[in-house]
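Given next are the chains, with one letter for each unit.
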Amino acid sequence: MKTLNLADTFKQVSSHRLNIGQLLKIYRVEAYYEWLKTVRNPSFSLPAILFPVVFYIFFGVLLNHGNAQAASYLLCTYGVFGVMGPALFSFGAGLAIERGQGWLDIKQASPMPAGAQIFARLWLAMSFSVLIVLSLSLVAVSLAGVSLSLLQWLSLIVIWVLGGIPFCLLGLSLGLVLKAQSAPAVINLVYLPLAFMSGLWMPITILPSFLQDFAQFLPPYHLAQLALKVVELDQGQALWQHVIVLLVYTFLFALLSLMAHRRRHD
Amino acid sequence: MLAQSTIQPLTEAGPVSSVVASVNNVHKAFKGKAALKAVNLDIMAGQVVAILGANGAGKTTLINILLGRLAFDQGEVSVFGQSPGSLAVKRQTGVMLQVANLPETLKIKEHIKLFQSYYPAAMDYQQVLNYAGLNGMQNRYSRKLSGGEKQRLLFALSICGNPKLLFLDEPSVGMDVEARHGLWQAIRDLKAQGTAIVLTTHYLPEAESLADQIVFLKQGKILKQGNSDEFKASVSNKLVRFCSPHFQPEFLALPAVVSVKQSGKYTCMQSNNVNNTLQALLSRFPQIEDLSVTGAGLEEAFLQLNHQITGDSDNKEASDENA
């Protein structure tokens, strides 16, 4: 009798395991619907792409009067500005709103693996990053007279897209903490000053020296310097310095997210 | 063989296979304030358990503990013989919680397909639509759904994994009569197939019509447990209903009156001694019309139960539905 029960229990549990194919399918389907859900939301998708592109056309093309070097410089920094947007807003505001609605509770009570949700949003942020930097590059080549080698283009795209990860994690921790109503405003208050003070809108050298010193503590500054290294317009610091600062922030934001997640279940 | 059977725990002697989840002497406190006290509950396959109680009675806490979303301080909880909240348990469980809104830019069809993908043996798509009454609405965006339609979609998401255990937190809120009866029928069908269902509701006719077992929580304690007939049998209160131009406070002063409710031009009072109440009522207010006296339902049972246990039967309550 007892052994029979154990066998039954075992059978019941094992029949509710997923094989690796089914598991991958969950990740794929989750990412697909996350994409669909977001693309259909014009208040997210339009500003995410138009903001950096319009800014770049304004500062890198119209006000720049054909200076190719300045146009390359601003392409690198507006690329960073561009990838920060979807990272902060999809993870931050998107998550805060769904959390506030109680929708996140439904997802968490379902057997969706927690990783699938993170993966889907990461995938979304990166796909948008690719769209944004491709649009920027198109403007740079066609209107601003920027010309780079294939290797430079590829390096830039890798730096931009992977460089979005720490901002995804920053967004994640904000999304788990902020109230739904105030999340978009707070995230703008983080995003825009951070971008300005890191020299993403206008070259860092134009900023007063105390702001230049302060920029050393800001992750977007270091990501922008990495991108600028590709076109040899950076401030001359060593590559490893930027990489280490970005890794430290990545770790820090991951830790913050984990703490915010734990706090929800106390 | 003999030695083995003597060491078997008692619980295995009975038909244990039908217990889907059990809560054993569970205590939970939030910052020193008790939310659940010594709660015991067995949830059986093919049964509907309705958990009732006022706001703050501990219903949500109990459900969250059963879902593994909340840790408890003391006691034991097992779901499918495992600790609650594991992925294997979630794959056999459906959950409908109260949600302010769903992601607005997905269609009904897409929401369902996404949730189906989470389960190894999902319910057939068409069957989900039938149960939830969403036929012909598949291509509508969740943004454009009414409150009741959203509830139907949430119900669809909760059943699309073919759950053996289903949690429904106030499922019929915002539904019109037809949708509500459709939901009730779906719940009965699922129950007939052996699904264990845990239901919370403030709408007592829902509990009365669906529940095999009613659990009444107050301040974290189970005050009474049983089927709805047992609840009603425990009530000696009667309902006195009449038409009168007078206001409630005057009626509250009548002997044996437990509560007074105003509903349109009708006044409805509960009395624990109809003879005394009627005598006083008719002598003091001879102009009342359309008088009727009926036995109490589940709602009155709860009111009376509440007063009895807390011992404050003098503490009469007045409410006005048409305020």
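Preceding this section is the structure that the text describes.
An account of the accompanying structure is given in this report.

Conventions adopted
Residues numbered from 1 in each chain as written. Chains lettered and ligands numbered in written order. Predicted model: local features only at pLDDT ≥ 70, side-chain atom pairs only at ≥ 80, totals over all residues. Helix = DSSP H or I, 4+ residues; strand = E, 2+ residues; numbered from the N terminus. Buried ≥ 20, exposed ≤ 12 C-beta atoms within 10 Å, placed from the backbone. Contact = placed C-beta atoms within 7 Å. Pairing = 2+ DSSP bridges. Axes fitted to C-alpha atoms, helices over the stretch in contact; angles between N-to-C directions. Parallel < 35°, antiparallel > 145°, perpendicular 65-115°, else oblique. Left-handed = near helix turned anticlockwise from the far one by under 90°. Expected span 1.5 Å × (residues − 1). Arc of directions from axis to C-beta.

Notes on the overall build of chain A
Scanning chain A for helices and strands turns up twelve helices and zero strands. Secondary structure of chain A in N-to-C order comes out as α-α-α-α-α-α-α-α-α-α-α-α. Dimensions along the principal axes, computed over C-alpha positions, put chain A at roughly 85 × 35 × 35 Å. A burial count over chain A gives 41% of its 266 residues as buried. Long-range pairs, those at least 24 residues apart, make up 82% of the contacts in chain A between residues at least 6 apart in sequence.

Focus on the sheet that holds strand E2 (residues 33–44) of chain B
The strands that make up a sheet are held in pairs by hydrogen bonds between backbone atoms, and each pair lies either parallel or antiparallel. Residue and element names in this part refer to chain B. The antiparallel open sheet is built from three strands, whose spatial order is E2-E1-E4. Unpaired on one side and paired on the other, E2 and strand E4 (74–79) mark the two borders of the sheet. Neighbour to neighbour, the strand axes of the sheet diverge by 15 degrees on average, direction disregarded. As judged from the five bridges shared by strand E1 (residues 19–30) and E4, these two strands associate in the antiparallel manner. Note that in E4 the partner of Asn24 across the bridge is Glu76. Set on the sheet, helix H2 (residues 59–66) makes contact with E1, E2 and E4; between it and E1 the angle comes to about 125 degrees.

What about the packing of helix H8 (residues 165–177) of chain A against helix H12 (residues 239–264) of chain A?
All names here are of chain A. Running from amino to carboxyl end, H8 crosses H12 at an angle of 20 degrees, the nearest separation of the two axes being 8 Å. In terms of orientation, H8 and H12 fall into the roughly parallel class. As for the relative orientation of H8 and H12, their crossing is left-handed in sense. Listed contacts from H12 to Ile165, Pro166, Leu169, Leu170, Leu172, Ser173, Leu176 and Val177 of H8 are Leu246, Tyr249, Thr250, Phe253, Ala254, Leu256, Ser257, Ala260, His261 and Arg264.

Let's talk about the environment of Asn276 of chain B
All names here are of chain B. Inspection of the secondary structure puts Asn276 in helix H11 (residues 274–284). Residues Asn276 and Pro255 lie 21 residues apart in sequence; the distance between their C-alpha atoms is 6.3 Å. Residue contacts for Asn276: discarding those within four places in its chain leaves Pro255 and Ala256.

Considering helix H2 (residues 20–39) of chain A
Spanning 20 residues, H2 of chain A covers 29 Å between terminal C-alpha atoms, matching the ideal 28 Å at 1.5 Å per step. Three or more residues of H2 of chain A are buried, namely Ile26, Val29, Glu30, Glu34, Lys37 and Thr38 of chain A. Taken around the axis of H2 of chain A, the buried residues stretch over an arc of 155 degrees, which confines them to a single face. Across H2 of chain A from its buried face, at more than 90 degrees, point the exposed residues Ile20, Gly21 and Leu24 of chain A. In this structure, the buried side of H2 of chain A is in contact with helix H3 (42–62), helix H4 (68–101) and helix H6 (114–142) of chain A together with helix H4 (108–116) of chain B.

Some thoughts on H8 of chain A
Helical geometry: 3.6 residues make up each α-helical turn, so side chains three or four residues apart lie on a common side. All names here are of chain A. In this model, H8 (13 residues) spans 19 Å end to end at C-alpha, consistent with the 18 Å of a helix rising 1.5 Å per residue. With eleven of its 13 residues buried, H8 lies for the most part within the structure. Three or more residues of H8 are buried, namely Pro166, Phe167, Cys168, Leu169, Leu170, Gly171, Leu172, Ser173, Leu174, Gly175 and Leu176. Close packing links the buried residues of H8 with H4, H6, helix H9 (183–197), helix H11 (219–230) and H12.

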